[in-house]
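Structural description and commentary
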Amino acid sequence: MNDPAKAVQTLLHERSFALACAGYFVAALGWVLFFNIGDGLSPVSLVVKLAIVFAAELTAGYFIASLCGLFLDFSNVQTSPAKLFVLIGSAGFIKSLLIAFALISAAVPSAHLGWLAPLALLGVFGLQLGYLTRAIKRAYHISYSRAFGAWVFTVVPVMAVVMLTGVFFVWAIMWLFS
(Lines give C-alpha, C1' and ligand atoms only; values in the text may rest on other atoms or scores of the structure.)
Protein backbone atom coordinates (compact mmCIF):
# COMPACT_ATOMS: atom_id res chain seq x y z
CA MET A 1 0.00 0.00 0.00
CA ASN A 2 2.85 2.39 0.75
CA ASP A 3 4.68 1.77 -2.52
CA PRO A 4 2.37 0.51 -5.30
CA ALA A 5 5.14 0.58 -7.92
CA LYS A 6 7.30 -1.69 -5.80
CA ALA A 7 4.34 -4.02 -5.17
CA VAL A 8 3.72 -4.36 -8.91
CA GLN A 9 7.43 -4.96 -9.55
CA THR A 10 7.46 -7.69 -6.88
CA LEU A 11 4.33 -9.28 -8.34
CA LEU A 12 5.84 -9.34 -11.82
CA HIS A 13 9.25 -10.50 -10.60
CA GLU A 14 7.83 -13.48 -8.67
CA ARG A 15 5.50 -14.53 -11.54
CA SER A 16 3.45 -16.67 -9.15
CA PHE A 17 1.29 -18.99 -11.22
CA ALA A 18 -0.60 -19.97 -8.04
CA LEU A 19 -1.50 -16.33 -7.34
CA ALA A 20 -2.63 -15.86 -10.93
CA CYS A 21 -4.79 -18.99 -10.78
CA ALA A 22 -6.30 -17.83 -7.50
CA GLY A 23 -7.21 -14.53 -9.14
CA TYR A 24 -8.72 -16.29 -12.14
CA PHE A 25 -10.66 -18.60 -9.79
CA VAL A 26 -12.06 -15.66 -7.83
CA ALA A 27 -13.05 -14.03 -11.12
CA ALA A 28 -14.78 -17.24 -12.23
CA LEU A 29 -16.56 -17.51 -8.89
CA GLY A 30 -17.64 -13.87 -9.24
CA TRP A 31 -19.12 -14.52 -12.69
CA VAL A 32 -20.94 -17.71 -11.66
CA LEU A 33 -22.42 -16.24 -8.50
CA PHE A 34 -23.28 -12.94 -10.16
CA PHE A 35 -25.33 -14.60 -12.89
CA ASN A 36 -26.73 -17.55 -10.91
CA ILE A 37 -27.33 -16.52 -7.31
CA GLY A 38 -30.91 -17.04 -6.25
CA ASP A 39 -31.59 -19.51 -9.06
CA GLY A 40 -31.49 -22.63 -6.87
CA LEU A 41 -28.17 -23.78 -8.27
CA SER A 42 -27.32 -27.38 -7.34
CA PRO A 43 -23.79 -28.15 -6.08
CA VAL A 44 -23.01 -30.26 -9.16
CA SER A 45 -24.22 -27.51 -11.48
CA LEU A 46 -22.20 -24.94 -9.52
CA VAL A 47 -19.01 -27.00 -9.82
CA VAL A 48 -19.53 -27.64 -13.55
CA LYS A 49 -20.23 -23.97 -14.28
CA LEU A 50 -17.31 -22.91 -12.12
CA ALA A 51 -14.94 -25.28 -13.97
CA ILE A 52 -16.10 -24.05 -17.37
CA VAL A 53 -15.86 -20.38 -16.45
CA PHE A 54 -12.47 -20.94 -14.77
CA ALA A 55 -11.17 -22.56 -17.97
CA ALA A 56 -12.57 -19.64 -19.97
CA GLU A 57 -10.91 -17.13 -17.60
CA LEU A 58 -7.55 -18.90 -17.95
CA THR A 59 -7.88 -19.01 -21.74
CA ALA A 60 -8.84 -15.34 -21.89
CA GLY A 61 -5.91 -14.51 -19.60
CA TYR A 62 -3.45 -16.32 -21.88
CA PHE A 63 -4.90 -14.64 -24.96
CA ILE A 64 -4.99 -11.14 -23.48
CA ALA A 65 -1.49 -11.46 -22.00
CA SER A 66 -0.05 -12.54 -25.33
CA LEU A 67 -1.73 -9.71 -27.26
CA CYS A 68 -0.78 -7.10 -24.68
CA GLY A 69 2.80 -8.44 -24.71
CA LEU A 70 2.81 -8.21 -28.50
CA PHE A 71 1.69 -4.57 -28.40
CA LEU A 72 4.27 -3.68 -25.77
CA ASP A 73 6.97 -5.50 -27.72
CA PHE A 74 6.08 -3.47 -30.81
CA SER A 75 6.41 -0.38 -28.61
CA ASN A 76 9.97 -1.40 -27.63
CA VAL A 77 8.98 -2.34 -24.08
CA GLN A 78 10.63 -5.53 -22.85
CA THR A 79 8.03 -7.69 -21.14
CA SER A 80 6.96 -11.29 -20.93
CA PRO A 81 3.49 -12.78 -21.39
CA ALA A 82 4.01 -14.75 -18.17
CA LYS A 83 4.34 -11.52 -16.19
CA LEU A 84 1.27 -10.09 -17.88
CA PHE A 85 -0.66 -13.31 -17.24
CA VAL A 86 0.05 -12.99 -13.52
CA LEU A 87 -0.89 -9.30 -13.60
CA ILE A 88 -4.21 -10.05 -15.29
CA GLY A 89 -4.83 -12.83 -12.80
CA SER A 90 -4.26 -10.46 -9.91
CA ALA A 91 -6.84 -8.15 -11.45
CA GLY A 92 -9.34 -11.00 -11.17
CA PHE A 93 -9.64 -10.28 -7.46
CA ILE A 94 -11.48 -7.09 -8.40
CA LYS A 95 -14.30 -9.27 -9.75
CA SER A 96 -15.00 -10.36 -6.19
CA LEU A 97 -17.07 -7.18 -6.06
CA LEU A 98 -19.53 -9.05 -8.31
CA ILE A 99 -19.91 -11.64 -5.54
CA ALA A 100 -20.73 -8.88 -3.07
CA PHE A 101 -23.29 -7.36 -5.43
CA ALA A 102 -24.90 -10.76 -6.04
CA LEU A 103 -25.11 -11.50 -2.31
CA ILE A 104 -26.63 -8.11 -1.55
CA SER A 105 -29.13 -8.54 -4.39
CA ALA A 106 -30.10 -11.99 -3.09
CA ALA A 107 -30.33 -10.82 0.53
CA VAL A 108 -32.60 -7.87 -0.29
CA PRO A 109 -34.88 -9.06 -3.13
CA SER A 110 -37.43 -6.35 -2.37
CA ALA A 111 -34.92 -3.69 -3.42
CA HIS A 112 -35.01 -4.94 -7.05
CA LEU A 113 -31.29 -4.41 -7.56
CA GLY A 114 -31.29 -6.50 -10.74
CA TRP A 115 -31.61 -3.40 -12.89
CA LEU A 116 -28.29 -2.19 -11.43
CA ALA A 117 -26.46 -5.31 -12.67
CA PRO A 118 -25.19 -3.68 -15.90
CA LEU A 119 -23.85 -0.76 -13.88
CA ALA A 120 -22.14 -3.18 -11.50
CA LEU A 121 -20.50 -4.93 -14.45
CA LEU A 122 -19.37 -1.64 -16.00
CA GLY A 123 -18.01 -0.49 -12.65
CA VAL A 124 -16.02 -3.67 -12.15
CA PHE A 125 -14.67 -3.58 -15.70
CA GLY A 126 -13.71 0.07 -15.22
CA LEU A 127 -11.91 -0.70 -11.97
CA GLN A 128 -10.13 -3.63 -13.56
CA LEU A 129 -9.05 -1.60 -16.58
CA GLY A 130 -7.82 1.20 -14.30
CA TYR A 131 -5.86 -1.26 -12.17
CA LEU A 132 -4.25 -2.91 -15.20
CA THR A 133 -3.42 0.40 -16.87
CA ARG A 134 -1.80 1.81 -13.72
CA ALA A 135 0.08 -1.44 -13.12
CA ILE A 136 1.53 -1.49 -16.65
CA LYS A 137 2.48 2.18 -16.33
CA ARG A 138 4.23 1.56 -13.01
CA ALA A 139 5.89 -1.68 -14.06
CA TYR A 140 7.35 -0.53 -17.36
CA HIS A 141 7.57 3.23 -16.82
CA ILE A 142 5.48 4.14 -19.84
CA SER A 143 2.77 6.76 -20.30
CA TYR A 144 -0.85 6.18 -19.36
CA SER A 145 -1.91 6.46 -22.99
CA ARG A 146 0.53 3.75 -24.08
CA ALA A 147 -0.50 1.49 -21.19
CA PHE A 148 -4.18 2.05 -21.98
CA GLY A 149 -3.45 1.43 -25.66
CA ALA A 150 -1.93 -1.95 -24.79
CA TRP A 151 -5.20 -3.05 -23.20
CA VAL A 152 -7.35 -1.56 -25.96
CA PHE A 153 -5.17 -3.42 -28.50
CA THR A 154 -6.26 -6.67 -26.83
CA VAL A 155 -9.94 -5.77 -26.88
CA VAL A 156 -10.19 -5.35 -30.67
CA PRO A 157 -9.41 -8.99 -31.56
CA VAL A 158 -11.55 -10.24 -28.68
CA MET A 159 -14.52 -8.21 -29.91
CA ALA A 160 -13.93 -9.49 -33.46
CA VAL A 161 -14.04 -13.07 -32.20
CA VAL A 162 -17.22 -12.39 -30.21
CA MET A 163 -18.91 -10.78 -33.23
CA LEU A 164 -17.86 -13.59 -35.57
CA THR A 165 -19.12 -16.16 -33.08
CA GLY A 166 -22.44 -14.32 -32.86
CA VAL A 167 -22.73 -14.23 -36.65
CA PHE A 168 -21.93 -17.95 -36.77
CA PHE A 169 -24.64 -18.75 -34.22
CA VAL A 170 -27.23 -16.64 -36.05
CA TRP A 171 -26.28 -18.36 -39.31
CA ALA A 172 -26.48 -21.79 -37.62
CA ILE A 173 -29.94 -21.05 -36.19
CA MET A 174 -31.19 -19.78 -39.55
CA TRP A 175 -29.75 -22.87 -41.27
CA LEU A 176 -31.32 -25.13 -38.63
CA PHE A 177 -34.83 -23.72 -39.11
CA SER A 178 -34.79 -23.31 -42.89
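Up top you'll find the structure we're talking about.
Description of the structure in this document.

The rules behind the values
Residues numbered from 1 in each chain as written. Predicted model: local features only at pLDDT ≥ 70, side-chain atom pairs only at ≥ 80, totals over all residues. Heavy atoms only, no water. Phe/Tyr/Trp six-rings, centres within 6.5 Å; stacked < 30°, edge-to-face > 60°. Helix = DSSP H or I, 4+ residues; strand = E, 2+ residues; numbered from the N terminus. Buried < 20%, exposed > 50% of the residue type's maximum accessible area, 1.4 Å probe, protein only. Contact = heavy atoms within 4.5 Å. Expected span 1.5 Å × (residues − 1). Salt bridge = Lys/Arg side-chain N within 4 Å of Asp/Glu carboxyl O. Disulfide = S-S within 2.5 Å. Patch = residues over 30% accessible without salt bridge, like charges linked within 9 Å, V, L, I, M, F, W, Y side chains within 5 Å. Areas by Shrake-Rupley, 256 points an atom, 1.4 Å probe, with all protein chains shown as cover.

**Some thoughts on the packing of aromatic side chains**
- If you walk through the whole model with that rule in mind, you get 12 aromatic pairs.
- Considering the side-chain rings of Trp31 and Phe125, the 5.7 Å spacing of their centres and the 45° angle between planes classify their relative orientation as tilted. With a gap of 94 residues between them, Trp31 in helix α2 (residues 17-36) and Phe125 in helix α6 (residues 117-140) connect regions that are remote in the sequence.
- The interplanar angle of 85° and the centroid separation of 5.0 Å between the aromatic rings of Phe34 and Phe35 together place this pair among those described as edge-to-face.
- For Phe34, a relative accessible area of 10% gives the class buried.
- Through successive ring pairs, a cluster of aromatic residues spans Trp31, Phe34, Phe35, Phe101 and Phe125.

**Things to note about the side chain of Gln128**
- Summarising the element assignment, Gln128 is placed in helix α6.
- Every residue in contact with Gln128, bar those within four places of it in the chain, is listed here: Ala91, Gly92, Ile94 and Lys95.

**Notes on helix α3 (residues 43-74)**
- Between the first and last C-alpha of α3 there are 46 Å, a value that for 32 residues agrees with the 46 Å anticipated at 1.5 Å per step.
- Turning to α3, its buried residues are Leu50, Glu57, Leu58, Gly61, Ala65, Leu67, Cys68, Gly69 and Leu72.
- Buried residues along α3 sit in contact with α2, α4 (81-91), α6 and α7 (144-177).

**A few points about the pattern of salt bridges**
- All told, the structure shown has 1 salt bridge when counted by the stated rule.
- One salt bridge in this structure joins Glu57 and Lys95, with 3.3 Å as the shortest N-O distance. Here Glu57, found in helix α3, pairs with Lys95, found in the loop between α4 and α5 (96-107); they are 38 residues apart in sequence, far enough to count as distant.

**Looking at the state of the cysteines**
- Within this structure, the stated rule accounts for 0 disulfides.
- Looking at Cys68, it has no disulfide partner, and the nearest cysteine sulfur is the one in Cys21, 19 Å off.
- Taking relative accessible area as the criterion, Cys68 reaches 0% and is therefore assigned buried.

**Observations regarding a nonpolar patch on the surface**
- There is a patch of nonpolar side chains on the surface, built from Phe168, Phe169, Trp171, Ile173, Trp175, Leu176 and Phe177 and spanning about 930 Å² of accessible area.
- Its place among the elements puts Phe168 in helix α7.
- Owing to a relative accessible area of 46%, Phe168 belongs among the partly exposed residues under this scheme.

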